[in-house]
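Coordinate analysis (summary)
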Amino acid sequence: MPKNIFSRVHSRSLTRHHKIAMAGVATLGAAAIGFSAVPSGASTTTTTEAAQPAAVAFSTEQIKDVKASVTDQMAGASVKAEQIAAKKKAEAAAAAKKKAAAQAAKKKAEAERKAKEAASRAAKRAAVKKSYPNNLDGWIRESLDVMKKHGIPGSYEGIKRNIIRESSGNPRAINNWDINAINGIPSKGLLQVIPPTFKHWHVPGTSWDIYDPVANITAACNYAADKYGSMDNVDSAY
């Protein structure tokens, strides 16, 4: 029995001790929490009121700054893009101008080359003397070419008709019986021209021999053109 009594007394004493200890621990814990919640340098006065949540502050100036920065970046990018586009456009225009100039130079060079070739061909043709048959047909045709160069009118038919009447196509023909012969200046050659007339109306580039067929024809046609308008208008002695 006594053993049980001591046991119960000892049990109640430990219980109170434990309660006091627990109360002290709780008090110390609350105090520690209170100190930890107070900022450095602040008053250490404790309060039983619940801590209010801190207010969060927002600055509209920062938002404006962000918007301005984005706008500036977009504007800068737009300007840069425009500059790049302008540069490409200028380069394309310069390239097109250069190409056009090259094409124009090429065309000019080609035209000059063709002109030189044409001039060279013309010179070669001029250098090669045209050949004519050594007969009445050839003499008349050669005379017509010389007359053309000097602007002397006349046709193949008109010249041939008068040659046949005057000399029958004989370049060495001479009239020793008409008035000119009596005066000592007989008519000679295909178109029976007297020496003074031949000398006066001689055409440059032809022979000075009055019996030369081409020289005789061209001188006679030159005289007839001045007096009658053309050898074509002569139908008798002239």
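Residues numbered from 1 in each chain as written. Predicted model: local features only at pLDDT ≥ 70, side-chain atom pairs only at ≥ 80, totals over all residues. Heavy atoms only, no water.

Remarks on the overall build of the protein chain
- Per the secondary structure count, the protein chain includes seven helices and zero strands.
- The secondary structure elements of the protein chain, listed N-terminal to C-terminal, are α-α-α-α-α-α-α.
- With 238 residues in all, the protein chain has 22% of them scored as buried.
- A fraction of 46% describes how many contacts in the protein chain between residues 6 or more apart in sequence connect residues 24 or more apart.
- As presented, the protein chain carries roughly 17800 Å² of accessible surface, and 60% of it is formed by carbon and sulfur atoms. (Helix = DSSP H or I, 4+ residues; strand = E, 2+ residues; numbered from the N terminus. Buried < 20%, exposed > 50% of the residue type's maximum accessible area, 1.4 Å probe, protein only. Contact = heavy atoms within 4.5 Å. Areas by Shrake-Rupley, 256 points an atom, 1.4 Å probe, with all protein chains shown as cover.)

Observations concerning the nonpolar core
- Counting 28 residues, the largest nonpolar core has Ile159, Ile163, Leu191, Ile217, Met231 and Tyr238 as its most contacted members.
- Among the elements of the structure, helix 3 (136–149), helix 4 (156–167) and helix 7 (213–228) are those that each provide at least two residues to this core.
- Element by element, the count of residues in this core is highest for helix 7, at eight residues. (Core = buried A, V, L, I, M, F, W, Y, C linked by side-chain atoms within 4.5 Å.)

Quick look at the side chain of Ser187
- Tracing the backbone through its elements, the reader meets Ser187 in the loop between helix 5 (179–182) and helix 6 (195–200).
- Contacts of Ser187, omitting those with residues within four sequence positions, involve Ala173, Ile174, Asn175, Asp178, Asn180, Gln192, Val193 and Ile194.

Digging into the pattern of salt bridges
- Taken as a whole and assessed by the stated rule, the structure comprises six salt bridges.
- Note that Arg165 and Glu166 form a salt bridge whose closest N and O atoms lie 3.1 Å from each other.
- Through salt bridges with shared partners, a single network forms among Glu110, Arg113 and Glu117. (Salt bridge = Lys/Arg side-chain N within 4 Å of Asp/Glu carboxyl O.)

A look at the environment of Ser167
- Note that Ser167 resides in helix 4.
- Residue class for Ser167 comes out buried when judged on its relative accessible area of 8%.
- Once the C-alpha coordinates of Ser167 and Leu191 are considered, the two residues, 24 residues apart in sequence, prove to be 6.6 Å apart.
- Look past the residues within four positions of Ser167 in its chain and what remains in contact with it is Ala173, Gly189 and Leu190.

Quick look at the confidence of the model for the protein chain
- Of all residues in the protein chain, 69% have pLDDT values of 70 or greater, and the mean over the chain is 79.
- Here helix 1 (residues 2–37) stands out as the element of the protein chain with the lowest mean pLDDT, 47, in contrast to helix 3, whose mean of 98 is the highest.
- Low pLDDT, under 50, characterises residues 1–14; the stretch is placed with zero contacts to residues that sit more than four places away or in other chains.
- Confidence drops under a pLDDT of 50 for residues 30–51, and excluding neighbours within four residues, the segment shows two contacts in the predicted structure. (pLDDT = per-residue confidence, 0-100.)

Focus: unusual backbone geometry
- With a phi close to 60 degrees, Ser168 is a non-glycine residue in the positive phi region.
- With respect to the helices, strands and loops of the structure, Ser168 is situated in the loop between helix 4 and helix 5.
- Using a relative accessible area of 61% as the deciding quantity, one classes Ser168 as exposed.
- Even without a glycine there, the phi angle at Gln192 is positive, about 50 degrees.
- With respect to the secondary-structure elements, Gln192 resides in the loop between helix 5 and helix 6.
- Under the relative-accessibility criterion, Gln192 is labelled buried at 11%.

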